[in-house]
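# Summary of structural features
In case you want the letters, here they are:
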Amino acid sequence: MSVIDIAEKWIDRPYLINGKKIEQELLVISSSFIQEIMKDLGKNISNSIEQQIKEGKEVKKEEVILGDCIYFGNGEGIKCVGLYIGNNKMIYPSLYKVIEQNFDYHNIKTIRRFLEKYKSGQHILNIRTAMKYNDKSCKFLLGDFNGNKIMDLFCIKNGDKTNIHILNGKDNFQSFLLQVESALHKYDNEFEFKIGNYENGKPDIYCIKKNNTGSKTTEIHILNGKDNYQSFLYQTTTALPETNDDWTFEVGEYNNNGKFNIYCIHKYNTKSKYIEIQILDGNNNYQSFLEPKIIKTSLPETKDNIEFLLRDYNKDGNLDLYCINKNGENNSTEVNILSGASNFKEFLFKDNLILNKTDDNYQFCAGIYGGYECLFEIKKNEILEIHISVI
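In this description, a pair of aromatic rings is defined by centroid distance and the angle of the planes. In the structure shown here, the tally under the stated rule is 11 aromatic pairs. A centroid spacing of 6.2 Å and a plane angle of 75 degrees characterise the contact between F145 and F154, whose relative ring orientation is edge-to-face. According to the relative accessible area criterion, F145 is buried, its value standing at 9%. By relative accessible area, which is 0% here, F154 ends up buried. Between Y313 and Y322, the aromatic rings sit 6.3 Å apart at their centres with planes inclined by 80 degrees, giving edge-to-face as the arrangement. By relative accessible area, Y322 is classed as buried at 0%. Taken together, the aromatic side chains of Y187, F191 and F193 make up a single cluster linked through ring pairs. Seen from the ring of F145, K202 lies directly overhead, with NZ or CZ sitting 4.2 Å from the centre.

Right, let's talk about empty space enclosed by the protein for a bit. In total, this model carries 1 cavity of 30 Å³ or more according to the counting rule given. As a volume, the largest cavity reaches approximately 40 Å³. Lining of the largest cavity is provided by N87, I150, M151, G169, F173, I368, Y369 and F376. Class assignment for the residues of the lining of the largest cavity results in 6 nonpolar, 2 polar and no charged.

Let's shift gears to the pairing of strand β10 (residues 139–143). The element β10 is extensively covered by neighbouring structure, given that 4 of its 5 residues are classed as buried. Where β10 and strand β11 (residues 152–158) come together, 5 bridges link them in antiparallel fashion. Paired with G143 across the bridge in β11 is D152.

Here the focus is the layout of surface pockets. Here the second largest pocket is characterised by a volume of approximately 390 Å³. For the second largest pocket, the lining is made up of 17 residues, of which E62, V64, Y84, N88 and K149 are closest to its centre. Classifying every residue of the lining of the second largest pocket gives 7 nonpolar, 5 polar and 5 charged.

Let us now look at the pattern of salt bridges. All told, the structure shown has 9 salt bridges when counted by the stated rule. The shortest N-O distance in the salt bridge between D68 and R113 comes to 2.8 Å. Of the two residues, D68 sits in the loop between β3 (57–58) and β4 (69–72) while R113 sits in strand β8 (residues 108–113), which places them 45 residues apart along the sequence.

Glancing now at the side chain of H387. Note that H387 resides in strand β28 (residues 383–390). Relative accessible area serves as the criterion here: at 16%, H387 is assigned to the buried category. Within the structure, H387 has its side chain in polar contact with the side chain of N126 (distance 2.5 Å).

With that settled, the discussion passes to the nonpolar core. Soluble, globular proteins show a tendency: their nonpolar side chains are buried together. Of all hydrophobic cores here, the largest spans 47 residues; its most connected members are M38, L83, I124, L153, F376 and I388. In terms of residue count, helix α1 (residues 3–10) provides more of this core than any other element does, 5 residues in total. Beyond its immediate chain neighbours, meaning those up to four positions away, L83 contacts V3, I34, I37, M38, G67, D68, C69, K89, M90 and I91. In terms of nonpolar packing, the next biggest core, distinct from the first, is built from 17 residues, I156, I164, Y187 and I195 among them.

Here we have 4 strands laid out as an open sheet, ordered β14-β15-β16-β17, and antiparallel in their pairing. Sheet topology places β14 (191–196) and β17 (232–236) at the edges, where each strand pairs with a single neighbour. Averaged over all neighbouring strand pairs, the angle between strand axes comes to 15 degrees, with direction disregarded. Both β14 and strand β15 (residues 204–209) contribute to a ladder of 6 bridges, which runs antiparallel. Pairing of E192 across the sheet is with I208, part of β15.

The residue G82 is located in strand β5 (residues 80–86) in this model. In this view, G82 contacts I34, D68, C69, I70, F72, M90, I91 and Y92; residues no more than four positions away in its chain are not counted.

We now examine the environment of G67. Relative to the assigned elements, G67 resides in the loop between β3 and β4. The buried category is assigned to G67, whose relative accessible area is 2%.

Along the chain, E291 connects to P292 via a cis peptide bond; the corresponding omega equals -5 degrees. By secondary structure assignment, the location of P292 is in the loop between β20 (274–280) and β21 (295–300). Phi at N87 is positive, roughly 55 degrees, even though this residue is not glycine. Relative to the elements of secondary structure, N87 occurs in the loop between β5 and β6 (89–93). Non-glycine residue Y286 carries a positive phi angle of around 70 degrees. Note on placement: Y286 falls in the loop between β20 and β21. With a relative accessible area of 0%, Y286 lands in the buried category.

About the criteria used
Residues numbered from 1 in each chain as written. Predicted model: local features only at pLDDT ≥ 70, side-chain atom pairs only at ≥ 80, totals over all residues. Heavy atoms only, no water. Phe/Tyr/Trp six-rings, centres within 6.5 Å; stacked < 30°, edge-to-face > 60°. Buried < 20%, exposed > 50% of the residue type's maximum accessible area, 1.4 Å probe, protein only. Lys NZ or Arg CZ within 6 Å of the ring centre and 35° of its normal. 1 Å grid on protein atoms, 1.4 Å probe; cavity = no way out; pocket = protein on both sides within 12 Å on 5 of 7 lines; lining within 4 Å. Points joined across faces, edges and corners; volume = space filled by probe spheres on them. Nonpolar A, V, L, I, M, F, W, Y, C, P; charged D, E, K, R; others polar. Helix = DSSP H or I, 4+ residues; strand = E, 2+ residues; numbered from the N terminus. Pairing = 2+ DSSP bridges. Salt bridge = Lys/Arg side-chain N within 4 Å of Asp/Glu carboxyl O. Polar contact = N/O pair within 3.5 Å; in protein donor to acceptor, adjacent residues only side chain to side chain. Core = buried A, V, L, I, M, F, W, Y, C linked by side-chain atoms within 4.5 Å. Contact = heavy atoms within 4.5 Å. Axes fitted to C-alpha atoms, helices over the stretch in contact; angles between N-to-C directions.

Dropping the structure here:
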């Protein structure tokens, strides 16, 4: 069982030892609680705070991950210990029951790690969200809407206009942070949507119109996150002609040039017979391409059902290209990652993460969960589901 599965068993339960409710000092209760949690997770540790601190590996607050133990208290001493469960939250026993709380509320004395880190492909969590799925044109994006460093889920749906629904990552997508009708008219298959930051610090939505444009170019319309997408920050033609299904797009910096650029990914019908990337320069308002103008990747061109994502996988300051092939070998979904530092010539991650077969009823996003770089597998059921695995 995962850390989350174990934690969910404990939340709101009266804390018992040998089946009996206990009334002891919180320090004694919580140290025994952590011992039992670790036992459930396959790790034997001592039941005293003093010994636990000696046994566990010390961890910095900014490096905390699922399953780490957080020791806290007022004044000089440690009064209690909790288990980190992601999204800045931990569970710990009060005098009456196990509760869930934001760990930033407490005076943290030390953080200790007893468990091995999750390995690539390990499952963290399945979630049934608050979102009903009834529109095949719905698009999904991950972004930090309210600046709390937790990934929220943006759901873009058609209505009389384009509607934006944002599920709250802090409560595992059980409530909405925002539900609005945006300034963009009803969209069709000519549009792709991406999250970026054009100028104001809030996540803006880049609406990329691929064809049937008046300018005969691929156009960009940027919805303003600062006013909850009620206006456009910028609308422009680009240096790229109209595009079709052989192209897809991502948004991000390139070589730390300080601006969000448009990565134009040419999947097939390329001159080189490999997947190619051209990057529209954000500093020139997308009127020219960054050098090199055409980047030949090490992936052969393909019409397979592939999704692409941009993330800094190895934290070297360069955005890497996640390639998620839904038509992998042996009826599987394969994940490969090309290194941005090598201009997408070298693999950082090749065929190491293989998921069950997926199709158009699934969409993928990537982001941090519980301190891990994770793949969010979004299943478009009647009630939207999310399956989270470590990359």
